[in-house]
Amino acid sequence: MLPPGQYLTKDFPVLSVGPTPRVATETWEFTVTTENGTVHEWSWPEFRALPSETPTVDLHCVTKWSKLGTNWRGVSLDTLLADVDTAADYVVAHSYDGYTTNLPLADLLDGRAWIAYEFDGDRLAAEHGGPARLLVPHLYLWKSAKWVHNLELTLTDEPGFWEAGGYHNYGDPWREQRYQGD
Amino acid sequence: MARLAEVRVETPSARTLVLDVPGWPGNLAGQHTDVRLTAEDGYTAQRSYSLGSSGDGERIELTVQRVEDGEVSPYLTDVFAVGDPVEVRGPIGGWFVWRPSDPAPVLLVAGGSGIVPLMAMIRARRAAGAKTPFRLLYSVRSPAELYYADELRGAALSGVEVSYVYTRSAPDGAARAPGRIGVADVNTGGWPASFEPACFVCGPTGFVEAVSDMLLALGHDPRRVKTERFGPTG
């Protein structure tokens with residue numbers, strides 16, 4: 001089923017705001033920073049040693065295309081955040097290219113979000129966010145930050161790149177929350 | 001509700017729609033708009049289109065390429081007639097924009113219908129009377145596929161340096177053999193990285209990926225390369 005205003009595509013369109021960063025797994029790291037400044041850090045081998053999941057999910061882009069039944073492999077945010085002690089309610093995801101997006105922390109938990117590194121059984125291509133991207137399929141795809149590098153846990157909600165530029169702060173495709181005021 | 005005021009044929013499969021939009025708040029060059037069609041049974045379909053126009057007026061322009069099995073574009077290119085209403089929303093997007101107050105040299109690189117938001121920037125330069133150095137590198141399959149052909153000839157006379165890259169067939173006497181855009185095209189048709197130009201690249205994904213990688217290889221700062229990518233919009 002498609003959310004309102006969406007159409008089906010079989011391609012996998014690419015939308016990003018600048019050149020694709022090429023991040024080598026030798027230098028890649030993923031960090032979670034809490035509101036106290038505590039940093040949790042994973043190198044590529046440490047990250048890949050974590051238990052992974054293979055979600056099959058529907059993707060909905062605010063530019064109106066949807067792609068159904070996509071297959072991913074990634075590490076659940078429940079796993080990555082299990083030992084993180086925080087009172088934060090919000091998260092700002094930071095990418096290697098400087099992109100940011102904000103989400104409620106609750107939306108990353110309970111089996112609804114992953115740091116994904118395979119698509120359709122292959123290594124995630126750089127133009128789709130590889131080596132690893134955030135995957136939060138129940139929100140519009142701009143929330144699923146490509147080339148994710150850091151999750152900053154925050155006590156207050158801080159608008160990210162598109163959210164500060166007129167897009168909806170939450171971005172639920174089923175409520176068609178595309179732009180501010182929707 | 002917007003109304004179609006005027007149509008201009010660009011190519012056999014693309015036309016420019018000039019719309020009057022009461023209450024349009026104006027837009028920056030490079031922004032886009034959503035167009036929504038509603039059928040008699042209430043079914044709606046919407047697509048995003050780049051605006052070829054900018055400024056304060058209530059008249060906007062977009063250029064629509066027909067996608068044969070599309071849901072929206074065949075209506076807009078073949079059926080939609082002067083005086084007909086359509087729902088538009090916008091403007092949208094505040095990143096892929098050029099402001100006439102920015103003095104930096106500008107490099108525009110268009111692949112196919114990716115010319116539309118870049119044309120808005122060329123028009124904004126002219127409307128502002130700006131002398132900002134502009135270069136446009138425009139890649140299309142053949143001369144027949146060019147949008148805004150006459151207007152681009154005019155722009156070339158007013159200080160916008162335009163280079164064409166034909167991928168399938170070039171005009172008679174063209175110095176460059178047809179072929180995909182390469183780093184030599186971007187090097188000679190663009191600005192040296194040391195000029196720190198603002199680069200705008202718009203076109204299909206593969207084109208944008210290739211050109212933005214070339215710009216980085218030529219030493220351009222990734223923060224000065226803005227991209228807009230799309231597939232065909234049905």
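Residues numbered from 1 in each chain as written. Chains lettered and ligands numbered in written order. Predicted model: local features only at pLDDT ≥ 70, side-chain atom pairs only at ≥ 80, totals over all residues. Heavy atoms only, no water.

### Observations concerning the overall build of chain B
Then comes step 1: A count of helical and extended segments in chain B gives 5 helices and 11 strands.
Then comes step 2: In terms of overall size, chain B behaves like a compact globule, its C-alpha atoms giving a radius of gyration of 18 Å where 234 residues would be expected to give roughly 17 Å.
Then comes step 3: Overall, the C-alpha framework of chain B stretches about 55 × 40 × 30 Å when taken along its three principal axes.
Then comes step 4: Relative to its full complement of 234 residues, chain B shows a buried share of 50%.
Then comes step 5: Carbon and sulfur atoms make up 52% of the accessible area of chain B, which amounts to about 10,400 Å² in all.
Then comes step 6: Between the averaged position of the 23 positive side-chain charges in chain B and that of its 27 negative side-chain charges there is a distance of 5 Å. (Helix = DSSP H or I, 4+ residues; strand = E, 2+ residues; numbered from the N terminus. Rg over C-alpha atoms; globule rule 2.2 N^0.38 Å. Buried < 20%, exposed > 50% of the residue type's maximum accessible area, 1.4 Å probe, protein only. Areas by Shrake-Rupley, 256 points an atom, 1.4 Å probe, with all protein chains shown as cover. Lys, Arg positive; Asp, Glu negative; His and termini not counted. Charge placed at Lys NZ, Arg CZ, Asp CG, Glu CD.)

### Brief notes about the interface of chain B and chain A
Then comes step 1: Tallying the contact residues gives 20 residues for chain B and 20 residues for chain A.
Then comes step 2: Buried area between chain B and chain A, summed over both chains or domains, comes out near 1,700 Å², and the portion from carbon and sulfur atoms is 47%.
Then comes step 3: Among the residues chain B hides against chain A, the three largest losses belong to B:Q46, B:W95 and B:R229. Together they make up 31% of the total.
Then comes step 4: Taken together, the connections running from chain B to chain A amount to 4 salt bridges.
Then comes step 5: Across the pair A:R22 and B:E209 runs a salt bridge whose closest N-O atoms are separated by 3.4 Å.
Then comes step 6: On the surface where chain B and chain A come into contact, there are 12 residue pairs in polar contact (both at pLDDT 80 or more).
Then comes step 7: Going through the elements one at a time, β3 (32-38), β4 (44-50), β6 (85-92), α5 (205-217) and β11 (225-229) of chain B are the ones with two or more residues in the side of chain B that touches chain A. (Contact = heavy atoms within 4.5 Å. Buried area = accessible area lost by both parts, 1.4 Å probe. Salt bridge = Lys/Arg side-chain N within 4 Å of Asp/Glu carboxyl O. Polar contact = N/O pair within 3.5 Å; in protein donor to acceptor, adjacent residues only side chain to side chain.)

### What about the domain arrangement of chain B?
All names here are of chain B.
Then comes step 1: Split into domains, chain B comes out as domain 1 (2-92) and domain 2 (106-230).
Then comes step 2: Relative placement of domain 1 and domain 2: their C-alpha centres are 24 Å apart.
Then comes step 3: Between domain 1 and domain 2, the contact holds 17 residues from the first and 13 residues from the second.
Then comes step 4: A combined buried area of about 1,100 Å² lies between domain 1 and domain 2, and 52% of that area is made up of carbon and sulfur atoms.
Then comes step 5: Counting the contacts that link domain 1 with domain 2 gives 1 salt bridge.
Then comes step 6: Put simply, domain 1 and domain 2 have 5 residue pairs in polar contact (both at pLDDT 80 or more) between them.
Then comes step 7: Listing elements by their share of the side of domain 1 that touches domain 2, those giving two or more residues are β1 (2-11), β2 (14-20) and β5 (59-65).
Then comes step 8: Grouping the amino acids of the side of domain 1 that touches domain 2 by side-chain chemistry returns 4 nonpolar, 10 polar and 3 charged. (Domains from an automatic or database assignment. Nonpolar A, V, L, I, M, F, W, Y, C, P; charged D, E, K, R; others polar.)

### Comments concerning the sheet that holds strand β8 (residues 134-140) of chain B
Residues and elements named next belong to chain B.
Then comes step 1: With parallel pairing, 5 strands are arranged side by side in an open sheet as β9-β8-β7-β10-β11. Where the open sheet ends on each side, the last strands, each with one partner, are β9 (160-166) and β11. Strand after strand, the sheet turns through a mean of 10° between neighbouring axes, direction not considered.
Then comes step 2: As defined by bridge partners, strand β10 (residues 198-203) adjoins β11 across 5 bridges and the pair is classed as parallel. Pairing of G203 across the sheet is with R229, part of β11.
Then comes step 3: Here helix α3 (residues 149-157) sits on the sheet and contacts β8 and β9; the angle it forms with β9, its principal contact strand, is near 135°. (Pairing = 2+ DSSP bridges. Axes fitted to C-alpha atoms, helices over the stretch in contact; angles between N-to-C directions.)

### Comments concerning the sheet that holds strand β2 (residues 29-33) of chain A
Residue and element names in this part refer to chain A.
Then comes step 1: Judged by pairing direction, the sheet is mixed, and its 5 strands sit side by side in the order β3-β2-β11-β6-β7 without closing on themselves. Edge positions in the open sheet fall to β3 (39-43) and β7 (100-104), since each of these has one partner strand only. Strand-to-strand twist in this sheet, taken as the mean axis angle between neighbours without regard to direction, amounts to 15°.
Then comes step 2: Of the strand pairs in this sheet, β2 and strand β11 (residues 148-154) are connected by 3 bridges, and their pairing is parallel. Within β11, the position partnered with T31 by the bridge is N150.

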